[in-house]
Amino acid sequence: MALRGRLACALVATAACLVASAARAQFSYDVPYVPTPHVVVEEMLRLANVKPDDFVMDLGSGDGRILIAAVRKFGARGVGVDLDPDRIAESVYNAELAGVSGRVAFLNQDLFKFEIGEASVITMYLLPSVNIRLRPRLLRELKPGTRIVSHDFDMEDWQPDRKSTVRKNVFLW
């Protein structure tokens, strides 16, 4: 392709990105993106007793660090779900860098509409109001024995089986 054609394509792609960014800037997410510290990621996965035969679902997966650690350090496989397409792109890139892209998927979907029944471990760093809205689905759709681990926020009167603190609270149900 001639230089002029490549420049035109680059300009169109840049314009499309700017329009998409402006549209996202007007969109409000239920949960802000705040990365989980690596030490907390490790504690979440340790507390959930993640094993190679686990299928981990990270709800509100952000940059993918929890799921990527579950695969790299514990041999699991899984899927991350997030509404923010920028976070999904970052997760896919991070998984490729970590060499685990064959064992993970990151999907731009609403966690309230995503099928969760296949999970053996659910990880999440969501706000308390989102945890409470999600709780009925967790109880209804997950198989007995599925572990749920949350960074920082509990589920009100649903008492965790275990709680740990490493810079932040980690809850296990």
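Reference entry: report on the structure contained in this document. (Residues numbered from 1 in each chain as written. Predicted model: local features only at pLDDT ≥ 70, side-chain atom pairs only at ≥ 80, totals over all residues. Heavy atoms only, no water.)

Let us now look at helix H5 (residues 128-141). Between its terminal C-alpha atoms H5 stretches 20 Å, which fits the 20 Å expected from 14 residues at 1.5 Å a residue. The largest bend along H5 measures about 40 degrees and falls at Leu134, with the proline Pro136 one to four residues further on. Residues of H5 that are buried include every one of Val130, Asn131, Leu134, Arg135, Arg137 and Leu138, and no others. Buried residues along H5 sit in contact with strand E1 (55-59), strand E4 (121-124) and strand E5 (147-151). (Helix = DSSP H or I, 4+ residues; strand = E, 2+ residues; numbered from the N terminus. Expected span 1.5 Å × (residues − 1). Bend = angle between axes of the 7 residues up to and from the residue. Buried < 20%, exposed > 50% of the residue type's maximum accessible area, 1.4 Å probe, protein only. Contact = heavy atoms within 4.5 Å.)

The next thing to look at is the pairing of E5. Buried residues dominate E5, accounting for five of its five residues. The alternating pattern of E5 places Arg147, Val149 and His151 on one face and Ile148 and Ser150 on the opposite face, and all of these are buried. The sheet contact formed by E4 and E5 spans four bridges and is parallel. From the neighbouring strand, Val121 faces E5, where its bridge partner is Arg147. For the segment spanning E4, H5 and E5, crossover handedness is right-handed. (Pairing = 2+ DSSP bridges. Right-handed = clockwise from strand over helix to strand, strands pointing away.)

Our focus in this paragraph is the pattern of salt bridges. Taken as a whole and judged by the stated rule, the model has 10 salt bridges. The shortest N-O distance in the salt bridge between Asp54 and Arg147 comes to 2.7 Å. Highlighted residues: Asp54 in the loop between helix H2 (38-47) and E1 and Arg147 in strand E5, separated in sequence by 93 residues. The exposure class assigned to Asp54 is buried, which follows from its relative accessible area of 5%. Taking the shortest distance from any N to any O, the salt bridge between Asp84 and Arg87 comes out at 3.7 Å. Among the ionic contacts, a cluster of salt bridges with common partners joins Asp84, Arg87 and Glu90. (Salt bridge = Lys/Arg side-chain N within 4 Å of Asp/Glu carboxyl O.)

With that out of the way, let us pick up the sheet that holds E4. Spatially, the seven strands line up as an open sheet ordered E3-E2-E1-E4-E5-E7-E6, and their pairing is mixed. If you trace the sheet from one side to the other, it starts and ends with strand E3 (104-108) and strand E6 (162-166), each paired once. Between one strand and the next, the sheet's axes are offset by a mean angle of 15 degrees, whatever the strand orientation. Two elements, E1 and strand E2 (residues 77-82), share five bridges in a ladder whose sense is parallel. In the sheet register, Phe55 faces E2, and the bridge partner there is Arg77. Of the strands in this sheet, E4, E5, E6 and strand E7 (168-172) touch H2, which is tilted by about 160 degrees from E6. H5 rests against E1, E4 and E5 of the sheet, and its axis sits at about 170 degrees to E4. (Axes fitted to C-alpha atoms, helices over the stretch in contact; angles between N-to-C directions.)

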